[in-house]
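Inside the fold
Here is how the chains run, residue by residue.
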Amino acid sequence: MHSNSSVNVAGGRIGVALLGATGSIGTSALRVFERQRERFTPVALTAYGNRAALAEQVAQWAPAYVGLVQEHADAPESWGRGAACLVEAATHPDAHVVINAVVGAAGLPATLAALRLGKRVALANKETLVVAGDIVTRTAREHGGELLPVDSEHSAILQCLAGRQPHEVKRLILTASGGPFRTWPAERIAGATRVDALKHPTWQMGSKITIDSATLANKALEVIEAHHLFGVPYDRIEVVVHPQSIIHSFVEFVDGSVLAQMGVPSMELPILYALTWPERVPDSGVPSFDPVTSGDLTFEGVRHDVFPMLQLGIGAGRRGGAAPAVYNAANEVAVAHFLSGRLGFNGIAERVAAALHALGSMPGDSLEALLAADTAAREHVHAHVAQAENGN
Ligand code: NAD
Ligand code: MG
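What comes next is a walk through the structure. Here the structure is a predicted model, which means the values were calculated and not measured. (Residues numbered from 1 in each chain as written. Chains lettered and ligands numbered in written order. Predicted model: local features only at pLDDT ≥ 70, side-chain atom pairs only at ≥ 80, totals over all residues. Heavy atoms only, no water.)

Attention now goes to helix α4 (residues 108-116). Along α4, 7 of the 9 residues are buried, which leaves the element largely enclosed by surrounding structure. Considered for burial, the residues of α4 that qualify are L108, A110, T111, L112, A113, A114 and L115. After α4 finishes, the residue G118 shows a positive phi value of roughly 75°. (Buried < 20%, exposed > 50% of the residue type's maximum accessible area, 1.4 Å probe, protein only. Helix = DSSP H or I, 4+ residues; strand = E, 2+ residues; numbered from the N terminus.)

This is the structure:
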């Protein structure tokens, strides 16, 4: 973590720009603000296309800036529009903190712009770190910006690390729910539908991350995210399946001690902690934890043969350069095609593996190079899906 805490939680109210306000994380953040009105207030809200939901939020919160990415005939003149509205919201002078809760690589420019101004970015948009982790963390360091995770595993690790030095850390162990197909035989997974894959056992989330949880791509994105956030090499980051999602992750220290952070699954705690870190403030976003009624906590290994997306993604992370950007972009497009019925469930991993094979060695030494790889990977998957439909 890059700490020069510019956020004063004890003082007046802190202005927050909320990107992706109408989504799962966005609406959770607004519930946090409802309880924490004395501390935080949304000063900028953006959404992609849901004008009506955004208008309701604007009526409730009266933010100084509103942005809707999609053109909409009924959108007020005063609203920002187009992809540029994310950067406009993130750099708004009233916003001290930016919660980036948009989906996919589209969130990258806003994160970089906020960090360049030395702001705190509470980052749910993990794809940003997968595409350009080195550039994002360097930008934070050079400009005094802060990157705080809004991801339950990384928030858990941050909480376990509190006050510890990097040389005291031996291993990070990320927990994974295993998704809806954890116990399914491979033959049944091959025929899994959109409806099957959208039934997450423990978390209510947006559709893209829910599919990523079913393929375990989400856990690969999170391993790469952890590598960049905490500066821990890949061979010291592990994944274990924990179906109850009560333990959010573990840190093992060099003396053999292991700390875990636990609680009933809710994203409202990671959101609040990213805003108040390194402090804690009273809040009631998470139901009280009862060890007796919470039931058994179990752990198992990952079935790598059935869920190849995890190792494909970690391999891309280890390879570096443009490989993680290719993995991410190919996955975004493959998931969209799965959701629209144009690709089967196993087609996601097949398309991502093929894109990595063809494009994984593209250069990744600048933002332009990474964005070129991102574009090439998207086109690679689109072209293949179109070709398969035309029967060649
Ligand atoms: P969601 O689909 O529910 O919401 C996404 C939000 O972003 C919406 O407001 C949408 O309008 C906006 N958006 C989508 N595409 C956009 C684009 N191209 N440009 C601008 N805005 C766009 O998704 P979510 O579940 O809230 O996830 C958001 C991010 O948080 C993802 O990166 C996800 O991986 C991460 N995350 C989510 C959870 C969770 O519990 N939902 C947990 C950890 C991390
Ligand atoms: Mg997570």
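From this point on, the discussion continues.
On to the packing of aromatic side chains, then. Describing an aromatic ring pair means giving the distance of the ring centres and the angle of the ring planes. Per the stated rule, a full pass over the model turns up 5 aromatic pairs. Ring centres of F250 and F299 lie 5.9 Å apart, and the angle between their planes is 55°; this geometry places the pair in the tilted category. On the criterion of sequence distance, the pair formed by F250 in strand β10 (residues 247-253) and F299 in the loop between α11 (268-276) and α12 (308-319) is long-range, its members being 49 residues apart. Taking relative accessible area as the criterion, F250 reaches 15% and is therefore assigned buried. Through a chain of ring-to-ring contacts, three or more aromatic side chains come together here, namely F181, W184, F338 and F345. A cation over an aromatic ring shows up here: R188 above the ring of W184, its NZ or CZ 3.6 Å from the ring centre. (Phe/Tyr/Trp six-rings, centres within 6.5 Å; stacked < 30°, edge-to-face > 60°. Lys NZ or Arg CZ within 6 Å of the ring centre and 35° of its normal.)

A separate point is the pattern of salt bridges. This model, assessed by the stated rule, comprises 19 salt bridges. Across the pair E268 and R35 runs a salt bridge whose closest N-O atoms are separated by 2.8 Å. Taken as a pair, E268 in helix α11 and R35 in helix α1 (residues 24-35) lie far apart in primary sequence, 233 residues in all. The network of salt bridges with shared partners includes K126, D151, E153, K219 and E222. (Salt bridge = Lys/Arg side-chain N within 4 Å of Asp/Glu carboxyl O.)

With that settled, the discussion passes to the site of ligand 1. For ligand 1, the set of nearby residues contains 24 residues, the closest of which are T22, S24, Y48, E127 and G206. Within the contact set of ligand 1, an oxygen atom lies 2.9 Å away from a backbone nitrogen or oxygen of I25. In this structure, E127 approaches ligand 1 through a side-chain N or O atom, which is 2.8 Å from an oxygen atom. Computed on the free molecule, ligand 1 has an accessible area of 820 Å², of which 86% lies beneath the protein chains in the complex. Taken together, the residues that form the shell around ligand 1 break down as 15 nonpolar, 6 polar and 3 charged. (Near = heavy atom within 4 Å. Polar contact = N/O pair within 3.5 Å; in protein donor to acceptor, adjacent residues only side chain to side chain. Areas by Shrake-Rupley, 256 points an atom, 1.4 Å probe, with all protein chains shown as cover. Nonpolar A, V, L, I, M, F, W, Y, C, P; charged D, E, K, R; others polar.)

Turning to the sheet that holds strand β6 (residues 120-123), a few remarks are in order. Across the sheet, which stays open at both edges, the 7 strands sit in the order β4-β3-β2-β1-β5-β6-β7 with parallel pairing between neighbours. The strands lining the two open edges of the sheet, one partner per strand, are β4 (80-81) and β7 (146-149). Pairing analysis gives 4 bridges linking strand β1 (residues 14-19) to strand β5 (residues 97-100), with the strands arranged parallel. In the sheet register, L19 faces β5, and the bridge partner there is N100. In the packing of α4 onto the sheet, the strands contacted are β1, β5, β6 and β7, and the crossing angle to β6 comes to about 150°. (Pairing = 2+ DSSP bridges. Contact = heavy atoms within 4.5 Å. Axes fitted to C-alpha atoms, helices over the stretch in contact; angles between N-to-C directions.)

This part takes up the coordination of the magnesium ion (ligand 2). Taken together, D151 (OD), E153 (OE) and E222 (OE) make up the full set of protein donors to the magnesium ion (ligand 2), lying 2.1 Å away. Linear spacing of the donor residues for the magnesium ion (ligand 2) on their chain is D-x1-E-x68-E. Taken together, the residues D151 in the loop between β7 and α6 (152-161) and E222 in helix α10 (residues 217-230) connect sequence positions 71 residues apart. We classify E222 as buried; its relative accessible area is 1%. (Donors = N, O, S within 2.8 Å, 3.2 Å for Na, K, Ca; no water.)

Judged by nonpolar contacts, the single largest core of 126 residues is most densely connected at I99 and L172. Considering every element that reaches this core, the biggest residue donor is helix α13 (residues 323-339), with 11 residues. Among all residues touching I99, those that are not within four sequence positions of it are V16, A17, L18, L19, A29, F33, A122, I271 and L275. (Core = buried A, V, L, I, M, F, W, Y, C linked by side-chain atoms within 4.5 Å.)

On the surface, M262, F289, L297 and F299 cluster together to form a nonpolar patch covering roughly 310 Å² of accessible area. When you line up the elements, L297 lands in the loop between α11 and α12. What makes L297 partly exposed here is its relative accessible area of 31%. (Patch = residues over 30% accessible without salt bridge, like charges linked within 9 Å, V, L, I, M, F, W, Y side chains within 5 Å.)

Below, the discussion takes up the side chain of T175. On the secondary structure map, T175 appears in strand β8 (residues 169-176). The exposure class assigned to T175 is buried, which follows from its relative accessible area of 5%. A distance of 3.1 Å separates the side chain of T175 from the backbone oxygen of H248, its partner in a polar contact. When neighbours within four sequence positions are excluded, T175 is seen to be in contact with E153, K219, V240, H242, I247, H248, S249 and F250.

Pairing is mixed in the open sheet, where 4 strands are placed in the order β9-β8-β10-β11. Either end of the sheet is taken by a strand with one partner, and the two such strands are β9 (237-241) and β11 (258-262). Each adjacent strand pair in this sheet contributes to an overall mean axis angle of 20°, direction not counted. Relative to β11, β10 is paired through 5 bridges, and the arrangement is antiparallel. Bridge assignment links I247 to a residue of β11, and that residue is M262. Together, β8, β10 and β11 form the strand contacts of α6, whose direction differs from that of β10 by roughly 40°.

Remember, this is a structural readout, not a statement about activity or role.
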